[in-house]
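# Architecture and fold: a report
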There are 2 protein chains.
Amino acid sequence: MNNNTIPYKLLLTENEIPTRWYNLRADMKNKPAPLLNPETHKPMTFEELRKVFCDELARQELDDTTPYIDIPTPIRDFYRMFRPAPLVRAYYLEKALNTPAHIYYKFEGNNTSGSHKLNSAVAQAYYAKEQGLKGVTTETGAGQWGTALSMACSYFDLICKVFMVKVSYEQKPHRREVMRTYGASVTASPSETTAVGRKILAEHPGTGGSLGCAISEAVESALSQDGFRYVLGSVLSQVVLHQSIIGLETKTALDKYGVKPDIVIGCAGGGSNLGGLIAPFMGDKIKGVADCRIIAVEPASCPSLTRGAYAYDYCDTGAVCPLAKMYTLGSSFMPSANHAGGLRYHGMSSILSQLYDDGLMEARSVEQSKVFEAATFFARCEGTLPAPESSHAIRAAIDEAVRCRETGKQETIVFGLTGTGYFDMYAYQKFNDGIMSDYIPTDDEIAKSLAKLPQVNA
Amino acid sequence: MNNNTIPYKLLLTENEIPTRWYNLRADMKNKPAPLLNPETHKPMTFEELRKVFCDELARQELDDTTPYIDIPTPIRDFYRMFRPAPLVRAYYLEKALNTPAHIYYKFEGNNTSGSHKLNSAVAQAYYAKEQGLKGVTTETGAGQWGTALSMACSYFDLICKVFMVKVSYEQKPHRREVMRTYGASVTASPSETTAVGRKILAEHPGTGGSLGCAISEAVESALSQDGFRYVLGSVLSQVVLHQSIIGLETKTALDKYGVKPDIVIGCAGGGSNLGGLIAPFMGDKIKGVADCRIIAVEPASCPSLTRGAYAYDYCDTGAVCPLAKMYTLGSSFMPSANHAGGLRYHGMSSILSQLYDDGLMEARSVEQSKVFEAATFFARCEGTLPAPESSHAIRAAIDEAVRCRETGKQETIVFGLTGTGYFDMYAYQKFNDGIMSDYIPTDDEIAKSLAKLPQVNA
């Protein structure tokens, strides 16, 4: 197809899968603000965190000094089932765009969970097993995280209890069945199985549920059973740590072929994929070793970085979780029914929030219909049908490549393709039928929600 | 995990993707019987075939002497989007089975079509484009073939008209949307758009359609439009030729690591995957260069090899296509609603039928619930959720590995994992809910259907 010496896939061997995660916080000059106890507003201690999270994960959550953390062998064994993930040179996309830019994407969707979530799910399940626990509880909205956790728990022989937002449970029965096939129990939330669920059902009979409610049920379920802990698939620093494997592999492959990125792009919901993808590039940027633009792309319907406030807020709508300092739209903000369910979160990882506040990272928001336009274009060029979440990054990558065409600059663009859209065809159908709507919250709506932020003197 | 020098994935580089297909017929001592004109019962000529098929494909269909055929560069460019396909050492499955057997699987599901069908779809679309055609028509049942063809036509900018069996069209709206996303038009069959469709609708109002009817509509649609031809995803010798890339890659990777298979296993519906996977191994077997057992696995509900007759039969229920000599249950045989839609075909590729008749290949049939049992076991061990079709091969591979455990023999088993089950969760749900039924046709049913075979004096 061309004479370039870069292959379509920049392959790594199994021996090149990273053996350590990179803890970006260790190299950050301004550390992310600590999690606070929601009652005392004092920094969460290890003893407090370990009531909810596994011990080792609580330790990782608090560790902002150790730059590299060894990946235990059983996790590495699991990783090799789906890693190294392909880093692809998007030759066909470049050609279709007629751009001088070189575009690469790191594809994390080549596993049954369909997304990068498996990277952290296997780590969290492993530490739970190591601690001798019986099982874990969690919530899932779009379903990627619940699927990933089900797979990891099945592998480590742990009980997995998933509270799935009721509207997703009903609209996405296929996601639910994948989880059940991996042995997980899946409960529509709100449910009669928890006190908080019963309370909500009494107050709002017939509600379709929300992520906030499902989190509250999952936390209650974990706390009320011996040998259980709660696990979460995004936002937390431990998750960003595990996801650093995305960026480390990307950098290893690029280095192998002597490629230096000018721009690194990722979609951003809670921040797990973006934080992981950019980790080593941001580390080099902070250390002054290398420089590149880093762009977070969020939905215009849920624009925490671009239109939120940088403040302490609850991580869940039920306000049972610790407070985190983050760019947030307020925990009472109700994102519209955007089809990128994985990006419908009111806040942003503390790590990314701090980096953005420090001016080390750019952010932009994009409208849903423009995202699906990019998704369809990409699918037809590169073969892979992308997840709606991932397609936010595709949108920005295409826009940057078009800018390169206009300026004639041959820049190198790297973006994260976090997953596949195979369980999102309902959304594609809306787009194919020309009935996809774009909803952008008004300033008033955001101001109303931000007015309810907790008062914290930290 | 172990000290074996074989990695989990036996990687090939892009340069190791085969550049030629292997035409097994050239090395067969007893050639497959020729296709016959359904009216004259004389062998189909090139001129007859090219009315329905693209010229180059008609040539390939008739060629049983050229052993290797160069793969045109545009097809090779497309192949590199999803090839080389992984050959995986099933270490986790071996461990779970506690077997001394070494198990390998060739995974063809790592692409958006979700199966091996893309290997032939891209070839058929390319030849149509090369001939200057406007587009192609086809039928699809389970949806894998239609999806693959949509992707290939999108890439080569061809019109793609898919007639989808009505019951699938309604039960699998997500498959339909993938095709639409790639720009294909998808029509529920029977439809008002063809004479044969209108006739069937008049006779059977409210029918859910059948593959036979969809084929008839697709052929009529192609013949009635200038610049269109009909394409088919299985059974034909041209398809087995294109699918030989599966076996060639498998053999290249095994040779690279010095591995010689004792058993090669594939699921068998029309025979495209099995024919492709076994091609080079069968070639060596015929030439006496190497020997191994080759096992075809078919559903007990549609057992053409194990319970059918070896005779000339219609390829479609509408009897508009050429007659093929094959193991068949009779073109009027109605397979029960088995969830492995891709294996619900009354006949078997002429190539495989001849090899089976020559005693070069074994065949066995397995029941649906045993297949899903194996599928779930495999998914939990190896991470990947398999297609129901592929899981027939998994069932046989597990059974052979258990035999090795019992006999203490360290045999090497290779099987084809043709695709993923992401669009088959309705079937998994039946299994998860414990309400999956096994239907095995009675001898009477098969005899009744075989009694209607056409009388051919060839």
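Above this text is the structure in question.
Residues numbered from 1 in each chain as written. Chains lettered and ligands numbered in written order. Predicted model: local features only at pLDDT ≥ 70, side-chain atom pairs only at ≥ 80, totals over all residues. Heavy atoms only, no water.

## Side note on the overall build of chain A
- Counting its secondary structure elements, chain A contains 18 helices and 14 strands.
- For 458 residues, the compact-globule estimate of 2.2 N^0.38 gives 23 Å, and chain A sits close to it at 21 Å.
- Over its C-alpha atoms, taken along the principal directions, chain A stretches across nearly 65 × 50 × 45 Å.
- The proportion of buried residues among the 458 residues of chain A is 63%.
- As displayed, chain A offers around 15800 Å² of accessible surface, 49% of which is attributable to carbon and sulfur atoms.
- Across chain A, the centroid of the 46 positively charged side chains sits 2 Å from that of the 50 negatively charged ones. (Helix = DSSP H or I, 4+ residues; strand = E, 2+ residues; numbered from the N terminus. Rg over C-alpha atoms; globule rule 2.2 N^0.38 Å. Buried < 20%, exposed > 50% of the residue type's maximum accessible area, 1.4 Å probe, protein only. Areas by Shrake-Rupley, 256 points an atom, 1.4 Å probe, with all protein chains shown as cover. Lys, Arg positive; Asp, Glu negative; His and termini not counted. Charge placed at Lys NZ, Arg CZ, Asp CG, Glu CD.)

## Considering the side chain of Asn-37 of chain A
All names here are of chain A.
- Relative to the helices and strands, Asn-37 resides in the loop between strand S1 (20-22) and helix H1 (46-52).
- What makes Asn-37 buried here is its relative accessible area of 12%.
- For Asn-37, the side chain forms a polar contact with the main-chain nitrogen of Glu-39, separated by 2.7 Å.
- A polar side-chain atom of Asn-37 sits 2.8 Å from a polar atom in the side chain of Glu-48.
- Excluding residues within four positions of it along the chain, Asn-37 makes contact with Lys-42, Met-44, Glu-48 and Leu-323. (Polar contact = N/O pair within 3.5 Å; in protein donor to acceptor, adjacent residues only side chain to side chain. Contact = heavy atoms within 4.5 Å.)

## Details of the interface of chain A and chain B
- At the interface, 45 residues of chain A touch 46 residues of chain B.
- Of the roughly 4100 Å² buried between chain A and chain B, counting both surfaces, carbon and sulfur atoms make up 50%.
- Among the ionic pairs, Arg-180 of chain A bridges to Asp-433 of chain B, the shortest N-O distance being 2.8 Å.
- Where chain A meets chain B, there are 26 residue pairs in polar contact (both at pLDDT 80 or more).
- Looking at the side of chain A that touches chain B, the elements with two or more residues in it are helix H3 (73-82), helix H4 (91-97), helix H6 (144-156), helix H8 (173-181), helix H15 (368-382) and helix H17 (425-432) of chain A.
- The element that contributes the greatest number of residues to the side of chain A that touches chain B is H8 of chain A, accounting for six residues.
- Looking at the side of chain A that touches chain B residue by residue, the classes come out as 22 nonpolar, twelve polar and eleven charged. (Buried area = accessible area lost by both parts, 1.4 Å probe. Salt bridge = Lys/Arg side-chain N within 4 Å of Asp/Glu carboxyl O. Nonpolar A, V, L, I, M, F, W, Y, C, P; charged D, E, K, R; others polar.)

## Considering unusual backbone geometry
- Residue Pro-84 of chain A follows Arg-83 of chain A across a cis peptide bond; omega there is -5°.
- Looking at the element boundaries, Pro-84 of chain A is found in the loop between H3 and strand S3 (87-89).
- For the bond from Ser-189 of chain B to Pro-190 of chain B, the omega torsion is 5°, close enough to zero to count as cis.
- Tracing the sequence through the fold places Pro-190 of chain B in the loop between strand S7 (185-189) and helix H9 (195-203).
- Of note, the phi angle at His-41 of chain A is positive, near 60°, even though the residue is not glycine.
- Structurally, His-41 of chain A can be placed in the loop between S1 and H1.
- Owing to a relative accessible area of 24%, His-41 of chain A belongs among the partly exposed residues under this scheme.
- Here the phi dihedral of Val-235 of chain B falls at roughly 65°; this positive angle occurs in a residue that is not glycine.
- Looking at the secondary structure, you find Val-235 of chain B in the loop between strand S8 (228-230) and helix H11 (237-256).

## Focus: the nonpolar core
- One finds Trp-21, Ile-265 and Phe-415 of chain A together with Trp-21, Ile-265 and Phe-415 of chain B to be the most contacted residues of the largest nonpolar core, which totals 232 residues.
- With near-sequence residues (within four places) excluded, Ile-265 of chain B lies in contact with Leu-277, Ile-295, Val-297, Ala-393, Ala-396, Ala-397, Glu-400, Ile-413, Val-414, Phe-415 and Gly-416 of chain B. (Core = buried A, V, L, I, M, F, W, Y, C linked by side-chain atoms within 4.5 Å.)

## Brief notes about the sheet that holds strand S8 (residues 228-230) of chain A
Residues and elements named next belong to chain A.
- The four strands are arranged S7-S6-S5-S8 in an open sheet whose pairing can be described as parallel. Strands with a single pairing partner mark the edges of an open sheet, and in this sheet they are strand S7 (185-189) and S8. Within the sheet, the average angular offset between the axes of one strand and its neighbour, ignoring direction, is 25°.
- As defined by bridge partners, strand S6 (residues 159-165) adjoins S7 across five bridges and the pair is classed as parallel. Each bridged residue has a counterpart across the sheet, and for Val-165 the counterpart in S7 is Ser-189.
- This element, helix H10 (residues 211-223), spans strand S5 (135-140), S6, S7 and S8 of the sheet and lies at about 170° to S5. (Pairing = 2+ DSSP bridges. Axes fitted to C-alpha atoms, helices over the stretch in contact; angles between N-to-C directions.)

## Let's talk about the sheet that holds strand S14 (residues 412-417) of chain A
All names here are of chain A.
- Across the sheet, which stays open at both edges, the six strands sit in the order S3-S4-S14-S9-S10-S13 with mixed pairing between neighbours. Each edge of the open sheet is held by one strand with a lone partner, namely S3 and strand S13 (362-366). Taken over all neighbouring pairs, the strand axes of this sheet differ in orientation by 25° on average, direction set aside.
- Here S3 pairs with strand S4 (residues 102-107) via three bridges, running antiparallel. Considered in S4, the bridge of Leu-87 is made with Lys-106.

## With respect to the relation of the copies chain A and chain B
- With an RMSD of 0.0 Å, the operation that places chain A on chain B is a rotation of 180° combined with a shift of 0.0 Å along the axis. Here the copies are linked by what is in effect a two-fold axis.
- An overlap of 100% is found between the interface residues of chain A and their copies at the interface of chain B, pointing to a shared contact surface. (Least-squares fit on C-alpha atoms with pLDDT ≥ 70 in both.)

## Things to note about the packing of H9 of chain B against helix H10 (residues 211-223) of chain B
Residue and element names in this part refer to chain B.
- Orientation of H9 relative to H10, taken along the N-to-C sense of each, is 145°, at an axis distance of 8 Å. In this structure, H9 uses Ala-195, Val-196, Gly-197 and Ile-200 to contact H10, whose residues at the interface are Cys-213, Ser-216, Glu-217 and Glu-220.
- Residues that form the contact of H9 with H10 fall into these classes: four nonpolar, two polar and two charged.

## Digging into the packing of H6 of chain A against H8 of chain A
Residues and elements named next belong to chain A.
- Following both chains from N to C, one finds H6 and H8 inclined at 15°, their axes separated by 8 Å at the closest point. Classified by the angle their axes make, H6 and H8 are roughly parallel. Where H6 crosses over H8, the two elements pack in a sense that is left-handed. Contacts from Gln-144, Gly-146, Thr-147 and Ser-150 in H6 reach Arg-175, Val-178 and Met-179 in H8. (Parallel < 35°, antiparallel > 145°, perpendicular 65-115°, else oblique. Left-handed = near helix turned anticlockwise from the far one by under 90°.)

## What about the packing of aromatic side chains?
- Applying the stated criterion to the full structure yields 37 aromatic pairs over all chains.
- Their ring planes at 55° and their centres at 5.8 Å tell us that Tyr-126 of chain A and Phe-156 of chain A sit as a pair that is tilted. Here Phe-156 of chain A lies in helix H6 and Tyr-126 of chain A lies in helix H5 (residues 118-130), a separation of 30 residues in the sequence. Both residues of the pair, Tyr-126 of chain A and Phe-156 of chain A, belong to the buried class.
- On the numbers, 4.8 Å between centres and 10° between planes, the contact of Tyr-310 of chain B with Tyr-327 of chain B is stacked. Of this pair, Tyr-310 of chain B sits in strand S11 (residues 309-314) while Tyr-327 of chain B is found in strand S12 (residues 323-328), placing the two residues 17 residues apart along the sequence.
- Overall, the relative accessible area of 19% leaves Tyr-310 of chain B in the buried class. (Phe/Tyr/Trp six-rings, centres within 6.5 Å; stacked < 30°, edge-to-face > 60°.)

## Let's talk about helix H2 (residues 55-62) of chain A
- Listing the buried residues of H2 of chain A in full gives Asp-55, Leu-57, Ala-58, Gln-60 and Glu-61 of chain A.
- Against S1, H1, strand S2 (68-70), H5 and helix H11 (237-256) of chain A lie the buried residues of H2 of chain A.

## Some remarks on the environment of Ser-336 of chain A
Residues and elements named next belong to chain A.
- Examined against the element boundaries, Ser-336 turns out to sit in the loop between strand S12 (323-328) and helix H14 (350-357).
- Using a relative accessible area of 19% as the deciding quantity, one classes Ser-336 as buried.
- Beyond its immediate stretch of four places on either side in the chain, Ser-336 contacts Ser-301, Arg-344 and Tyr-439.

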